Amino acid sequence: MDSVSTHTHESSRSERKVIAVVGGGLVGSLIACFLAKRGFDVAVYESREDIRQAKVVKGRSINLALSHRGRQALKHVGMEDKIVSKGIPMHARMIHNLNGKRSPYPMAKRDRFRNAQSHDRLQ
Ligand SMILES: Cc1cc2nc3c(=O)[nH]c(=O)nc-3n(C[C@H](O)[C@H](O)[C@H](O)COP(=O)(O)OP(=O)(O)OC[C@H]3O[C@@H](n4cnc5c(N)ncnc54)[C@H](O)[C@@H]3O)c2cc1C
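Cut-offs and rules
Within every chain, residues take consecutive numbers counted from 1 along the sequence as written. Owing to the predicted nature of the model, reporting of local features is limited to residues with pLDDT of at least 70; listing and counting of side-chain atom pairs is limited to 80 or more, with chain, interface and lining totals taken over all residues. Whether a residue is near a molecule or strand depends on its C-beta atom, placed from the backbone, lying within 6 Å of it. A run of H or I in DSSP becomes a helix once it reaches four residues, and a run of E becomes a strand once it reaches two; helices and strands are each numbered from the N terminus. Three classes are used: nonpolar for Ala, Val, Leu, Ile, Met, Phe, Trp, Tyr, Cys and Pro, charged for Asp, Glu, Lys and Arg, and polar for all others, with Gly counted as polar. For the domains described, the bounds stem from an automatic or database domain assignment. For two strands to be treated as a pair, DSSP must find no fewer than two bridges joining them. Axes, fitted as lines to C-alpha atoms, cover a helix only where it is in contact. Angles between the N-to-C directions of the axes lie from 0 to 180 degrees.

A.B. asks: Which residues make up the site of the ligand, and what are the values?
C.D. replies: Taken together, 15 residues lie near the ligand, and Gly23, Gly25, Val27, Ser47 and Ala65 sit nearest. Elements represented by at least two residues in the shell around the ligand include exactly α2 (26-37) and β3 (64-66). A total of 3 residues in the shell around the ligand trace back to one element, the largest contributor, which is α2. A breakdown of the residues in the shell around the ligand according to their chemical character gives 6 nonpolar, 7 polar and 2 charged. The residue makeup of the shell around the ligand includes at least three contributed by each of domain 1 (1-48) and domain 2 (58-123).

A.B. asks: Help me get a handle on the sheet that holds β3, residues and values and all.
C.D. replies: Overall, antiparallel pairing links the 3 strands, which are arranged β3-β7-β4 in an open sheet. With one partner strand each, in any of the chains shown, β3 and β4 (88-90) form the two edges of the open sheet. Between one strand axis and the next, the sheet turns through 35° on average, direction left out of account. When β3 meets strand β7 (residues 114-117), the two strands line up antiparallel, connected through 3 bridges. Bridging from a neighbouring strand, leucine 66 pairs with asparagine 115 of β7.

Following this line, the structure appears as C-alpha coordinates:
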(Lines give C-alpha, C1' and ligand atoms only; values in the text may rest on other atoms or scores of the structure.)
Protein backbone atom coordinates (compact mmCIF):
# COMPACT_ATOMS: atom_id res chain seq x y z
CA MET A 1 0.00 0.00 0.00
CA ASP A 2 2.84 2.30 0.91
CA SER A 3 4.56 1.88 -2.45
CA VAL A 4 1.32 2.60 -4.27
CA SER A 5 0.86 5.82 -2.29
CA THR A 6 4.45 6.85 -2.98
CA HIS A 7 4.10 6.08 -6.66
CA THR A 8 0.86 8.02 -6.87
CA HIS A 9 2.45 10.92 -5.02
CA GLU A 10 5.51 10.96 -7.32
CA SER A 11 3.54 10.72 -10.51
CA SER A 12 1.17 13.48 -9.45
CA ARG A 13 4.17 15.66 -8.67
CA SER A 14 5.82 15.04 -12.04
CA GLU A 15 2.52 15.61 -13.84
CA ARG A 16 1.73 18.81 -11.97
CA LYS A 17 -0.35 20.93 -14.27
CA VAL A 18 0.20 24.60 -14.96
CA ILE A 19 -2.86 26.80 -15.17
CA ALA A 20 -2.67 29.15 -18.14
CA VAL A 21 -4.29 32.56 -17.75
CA VAL A 22 -4.73 34.35 -21.08
CA GLY A 23 -4.64 38.12 -20.63
CA GLY A 24 -2.67 39.96 -17.96
CA GLY A 25 -5.11 42.82 -17.46
CA LEU A 26 -6.77 43.59 -14.16
CA VAL A 27 -8.80 40.37 -14.04
CA GLY A 28 -6.09 38.04 -15.37
CA SER A 29 -3.43 39.42 -13.02
CA LEU A 30 -5.70 39.16 -10.01
CA ILE A 31 -6.90 35.62 -10.71
CA ALA A 32 -3.27 34.59 -11.29
CA CYS A 33 -2.40 35.90 -7.82
CA PHE A 34 -5.37 34.09 -6.26
CA LEU A 35 -4.42 30.81 -7.96
CA ALA A 36 -0.75 31.16 -6.99
CA LYS A 37 -1.76 31.81 -3.38
CA ARG A 38 -3.72 28.55 -3.48
CA GLY A 39 -0.54 26.76 -4.52
CA PHE A 40 -1.12 26.36 -8.24
CA ASP A 41 1.57 26.94 -10.84
CA VAL A 42 0.32 29.74 -13.07
CA ALA A 43 1.52 31.03 -16.43
CA VAL A 44 0.13 34.36 -17.59
CA TYR A 45 0.08 34.99 -21.35
CA GLU A 46 -0.20 38.66 -22.29
CA SER A 47 0.00 39.93 -25.85
CA ARG A 48 1.07 43.44 -24.89
CA GLU A 49 4.51 44.37 -23.62
CA ASP A 50 5.33 43.81 -19.97
CA ILE A 51 4.27 46.93 -18.02
CA ARG A 52 7.25 46.39 -15.68
CA GLN A 53 9.62 46.89 -18.59
CA ALA A 54 7.62 49.36 -20.66
CA LYS A 55 8.66 53.00 -20.73
CA VAL A 56 5.72 55.01 -19.38
CA VAL A 57 5.71 58.57 -20.68
CA LYS A 58 4.60 60.82 -17.85
CA GLY A 59 1.61 63.03 -18.62
CA ARG A 60 0.40 60.77 -21.46
CA SER A 61 -1.79 58.54 -19.34
CA ILE A 62 -4.55 59.26 -16.85
CA ASN A 63 -4.28 57.83 -13.37
CA LEU A 64 -6.02 54.58 -12.53
CA ALA A 65 -8.79 55.07 -9.97
CA LEU A 66 -8.61 52.20 -7.51
CA SER A 67 -12.05 51.65 -5.95
CA HIS A 68 -12.83 50.28 -2.50
CA ARG A 69 -13.89 47.02 -4.18
CA GLY A 70 -10.55 46.85 -6.00
CA ARG A 71 -8.75 47.44 -2.71
CA GLN A 72 -10.61 44.51 -1.13
CA ALA A 73 -9.46 42.26 -3.97
CA LEU A 74 -5.85 43.40 -3.51
CA LYS A 75 -6.18 42.85 0.24
CA HIS A 76 -7.08 39.18 -0.38
CA VAL A 77 -3.83 38.64 -2.27
CA GLY A 78 -1.79 40.64 0.25
CA MET A 79 -1.02 43.59 -2.01
CA GLU A 80 -3.32 46.35 -0.75
CA ASP A 81 -0.76 48.22 1.34
CA LYS A 82 1.96 47.96 -1.32
CA ILE A 83 -0.29 49.48 -3.99
CA VAL A 84 -2.33 51.93 -1.92
CA SER A 85 0.76 53.43 -0.27
CA LYS A 86 1.86 54.63 -3.72
CA GLY A 87 -1.49 56.29 -4.48
CA ILE A 88 -3.24 59.54 -3.71
CA PRO A 89 -6.60 59.44 -1.87
CA MET A 90 -9.48 60.97 -3.85
CA HIS A 91 -12.03 62.08 -1.28
CA ALA A 92 -14.07 64.32 -3.58
CA ARG A 93 -14.29 65.74 -7.07
CA MET A 94 -14.17 69.49 -7.44
CA ILE A 95 -16.63 71.29 -9.69
CA HIS A 96 -15.24 74.63 -10.94
CA ASN A 97 -18.14 76.91 -11.86
CA LEU A 98 -17.81 79.62 -14.53
CA ASN A 99 -18.12 82.29 -11.83
CA GLY A 100 -15.05 80.89 -10.08
CA LYS A 101 -16.94 79.16 -7.31
CA ARG A 102 -15.63 75.73 -6.36
CA SER A 103 -17.93 72.99 -5.07
CA PRO A 104 -16.48 69.72 -3.78
CA TYR A 105 -18.60 66.59 -4.25
CA PRO A 106 -17.70 63.62 -2.03
CA MET A 107 -16.99 60.51 -4.11
CA ALA A 108 -17.65 57.92 -1.45
CA LYS A 109 -18.61 57.42 2.16
CA ARG A 110 -15.92 57.85 4.80
CA ASP A 111 -13.09 55.34 4.23
CA ARG A 112 -14.47 54.08 0.90
CA PHE A 113 -12.72 56.75 -1.14
CA ARG A 114 -10.92 55.89 -4.35
CA ASN A 115 -7.19 55.94 -4.66
CA ALA A 116 -5.45 57.48 -7.68
CA GLN A 117 -2.63 55.33 -9.00
CA SER A 118 -0.06 56.67 -11.42
CA HIS A 119 0.75 54.09 -14.11
CA ASP A 120 4.49 54.59 -13.80
CA ARG A 121 4.34 53.83 -10.06
CA LEU A 122 2.47 50.56 -10.67
CA GLN A 123 5.53 49.06 -12.33
C1 LIG B 1 -10.09 54.82 -20.82
C2 LIG B 1 -10.43 53.86 -19.70
C3 LIG B 1 -10.20 54.27 -18.39
C4 LIG B 1 -10.50 53.41 -17.34
N5 LIG B 1 -10.23 53.83 -16.07
C6 LIG B 1 -10.46 52.98 -15.05
C7 LIG B 1 -10.13 53.38 -13.73
O8 LIG B 1 -9.63 54.46 -13.48
N9 LIG B 1 -10.39 52.49 -12.72
C10 LIG B 1 -10.94 51.25 -12.97
O11 LIG B 1 -11.15 50.49 -12.01
N12 LIG B 1 -11.26 50.86 -14.22
C13 LIG B 1 -11.03 51.69 -15.25
N14 LIG B 1 -11.35 51.30 -16.52
C15 LIG B 1 -11.97 49.99 -16.69
C16 LIG B 1 -10.90 48.90 -16.62
O17 LIG B 1 -9.83 49.21 -17.48
C18 LIG B 1 -11.52 47.56 -17.00
O19 LIG B 1 -12.66 47.32 -16.20
C20 LIG B 1 -10.52 46.45 -16.78
O21 LIG B 1 -9.33 46.70 -17.48
C22 LIG B 1 -11.12 45.12 -17.20
O23 LIG B 1 -10.17 44.14 -16.88
P24 LIG B 1 -9.94 42.88 -17.79
O25 LIG B 1 -8.82 42.10 -17.19
O26 LIG B 1 -11.26 42.20 -17.97
O27 LIG B 1 -9.57 43.42 -19.24
P28 LIG B 1 -8.22 44.17 -19.69
O29 LIG B 1 -7.69 45.02 -18.59
O30 LIG B 1 -8.56 44.80 -20.99
O31 LIG B 1 -7.21 42.96 -19.89
C32 LIG B 1 -7.28 42.07 -20.95
C33 LIG B 1 -5.85 41.76 -21.36
O34 LIG B 1 -5.85 40.63 -22.22
C35 LIG B 1 -4.89 40.84 -23.21
N36 LIG B 1 -5.25 39.95 -24.31
C37 LIG B 1 -6.37 40.00 -25.06
N38 LIG B 1 -6.38 38.98 -25.94
C39 LIG B 1 -5.24 38.26 -25.73
C40 LIG B 1 -4.70 37.09 -26.32
N41 LIG B 1 -5.32 36.45 -27.30
N42 LIG B 1 -3.52 36.63 -25.85
C43 LIG B 1 -2.86 37.28 -24.85
N44 LIG B 1 -3.35 38.39 -24.26
C45 LIG B 1 -4.52 38.88 -24.68
C46 LIG B 1 -4.96 42.31 -23.53
O47 LIG B 1 -3.77 42.79 -24.10
C48 LIG B 1 -5.20 42.90 -22.13
O49 LIG B 1 -4.01 43.29 -21.49
C50 LIG B 1 -11.06 52.13 -17.59
C51 LIG B 1 -11.29 51.72 -18.91
C52 LIG B 1 -10.96 52.58 -19.96
C53 LIG B 1 -11.21 52.13 -21.38
